[in-house]
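# Structural characterization, general
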Amino acid sequence: MLAVEGLACRRGGRLVFEAVSFALEAGDALVLSGANGTGKTSLLRLLAGFARPAQGSVTWLGREITLEPAEHAQRVHFLGFADGVEGLLSVRENLAYQAALLGGGADTLDTALATFDLVEFAARPARELSSGQRRRVALARLLAVPRPLWLLDEPGVALDRANRARLEAAIERQREEGGLVVVATHGDVRVRDPLVLELGEPNPC
Amino acid sequence: MLRAAVALLERDLRLARRRFGENLLVVGFFTLALALFPLGVGASPDVLGRIGAGVIWVLALLAVLLGLDRLFQPDLEGGGLEQMLLSPAPLELLVLARCLAHWLGTGLLLALASPLLAILVHLPAEALWALPLTLLLGTPTLTLLGSIGAALLAGSGKGALLAALLVLPLDIPVLIFGLSAAEALIAGLDATGALLFMGAFLLAALALAPLATAAALRLALG
């Protein structure tokens, strides 16, 4: 479904990575690893279509994503370092807004809140939450709006063990339903038989 | 598609209600800055009456510029902008919704406060409706033009001051026609021409500014 061919990324004149190629089919997961600064986040942003690659191509079902940016945007869930949670809004308001913005309905909100154990905080303003709880609000939107491609940048940061398990279960469910997951992680989130791409190595897979 | 834009508008208005104090600060700046003029140029009614409308318009323009950094900066830093890009609604439409919400919290409040300011500087009774009318027509254009500058500089971390300098030249036609319309109405003259020009500026800004702003935001994220 998602194929990457000879991808290179340049930031501020510096070549971050080059010749990155891989192909993912329905249900696959790709774990991006590598030291800081090897381009894990940059690669996720290229896959999301936020930036254009310096070289190479990203294709979805054989069509280049840069040729159909509007369609590609609706396939992608992107969870970055900044979680997009607004402190003045309650947990529920945050999730309802993000779901509506991404084109989802209101009927999935309760399940999403329950999955990440957020029901008891639902009415609290997000600024009163701890960073792990905020991260769970951001994760809940992955479940509130179904989308085939999840791009997760360090999703396990600040999560306790129970919630990391919930995240891992959500990732496996997404795969069972035929979705794709690309995770950049330093190993705190475990994914069942993933493909691994080690960035910053001379010979990527 | 429209639902996403409505959701953004609702969220922004809810946030604006919760930080109503911040919006009042913009109006507070507007009022206090005007209150300085009698101290600076003397409190004689004919001096103030002559410059009053102009001063109010210039201050409204500055007040709009002052609020620009809140347009996209929080979303860019907080990760909200990425989510806007992933919405089924085009970014241009979301930008329009954001500008509308922002204007309701700044330009509209300024226009509503302007009659009070007109009394403060001894403007004739006609100013009580002429100023709000011209500000209602002019401030949305200022917000839309400002959104281009705010988006261009959002990624650079240079802040609001540079954005203000960048869009100030674009604002000058709005200021000239807005002020000439206000002064003509206050003097009891026909202001149709100037008002039509302001309407044309507003329509042009509505059509073009979201395109430029959305392009600048995409660039900022790229």
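Residues numbered from 1 in each chain as written. Chains lettered and ligands numbered in written order. Predicted model: local features only at pLDDT ≥ 70, side-chain atom pairs only at ≥ 80, totals over all residues. Heavy atoms only, no water.

## A short note on the interface of chain A and chain B
Contact residues are listed per partner, giving 26 residues for chain A and 24 residues for chain B. Both sides together, the interface formed by chain A and chain B hides about 2,200 Å², and carbon and sulfur atoms give 59% of it. On the chain A side of the interface with chain B, the three residues burying the most area are Phe-50, Tyr-97 and Leu-101 of chain A, jointly 30% of the side's total. Counting every contact that joins chain A to chain B gives five salt bridges. A salt bridge links Arg-45 of chain A to Glu-82 of chain B; the shortest N-O distance between them is 3.0 Å. Where chain A touches chain B, the interface holds 10 residue pairs in polar contact (both at pLDDT 80 or more). Mapped by element, the contributors of at least two residues to the side of chain A that touches chain B are β6 (76-79) and α3 (91-101) of chain A. Broken down by element, the residue count for the side of chain A that touches chain B peaks at four residues, all from α3 of chain A. Class assignment of the residues belonging to the side of chain A that touches chain B gives a composition of 13 nonpolar, seven polar and six charged. (Contact = heavy atoms within 4.5 Å. Buried area = accessible area lost by both parts, 1.4 Å probe. Salt bridge = Lys/Arg side-chain N within 4 Å of Asp/Glu carboxyl O. Polar contact = N/O pair within 3.5 Å; in protein donor to acceptor, adjacent residues only side chain to side chain. Helix = DSSP H or I, 4+ residues; strand = E, 2+ residues; numbered from the N terminus. Nonpolar A, V, L, I, M, F, W, Y, C, P; charged D, E, K, R; others polar.)

## Here we look at the packing of aromatic side chains
Within the structure shown, the criterion is met by four aromatic pairs over all chains. When the ring of Phe-177 of chain B is compared with that of Phe-197 of chain B, the centres are 4.5 Å apart and the planes differ by 25°; the resulting orientation is stacked. Linking Phe-177 of chain B in helix α9 (residues 160-186) with Phe-197 of chain B in helix α10 (residues 192-221), this pair joins segments that are 20 residues apart in sequence. With 6.2 Å between their ring centres and 45° between their planes, Phe-197 of chain B and Phe-201 of chain B make a pair best called tilted. Of this pair, Phe-197 of chain B and Phe-201 of chain B both sit in helix α10, four residues apart, which is roughly one turn of the helix. Residue Phe-197 of chain B is classed as partly exposed on the basis of its relative accessible area, which comes to 44%. Grouping aromatic residues by their ring pairs yields a cluster made of Phe-177, Phe-197 and Phe-201 of chain B. Residue placement shows Arg-11 of chain B over the ring face of Tyr-97 of chain A; its charged tip is 4.7 Å from the ring centre. (Phe/Tyr/Trp six-rings, centres within 6.5 Å; stacked < 30°, edge-to-face > 60°. Buried < 20%, exposed > 50% of the residue type's maximum accessible area, 1.4 Å probe, protein only. Lys NZ or Arg CZ within 6 Å of the ring centre and 35° of its normal.)

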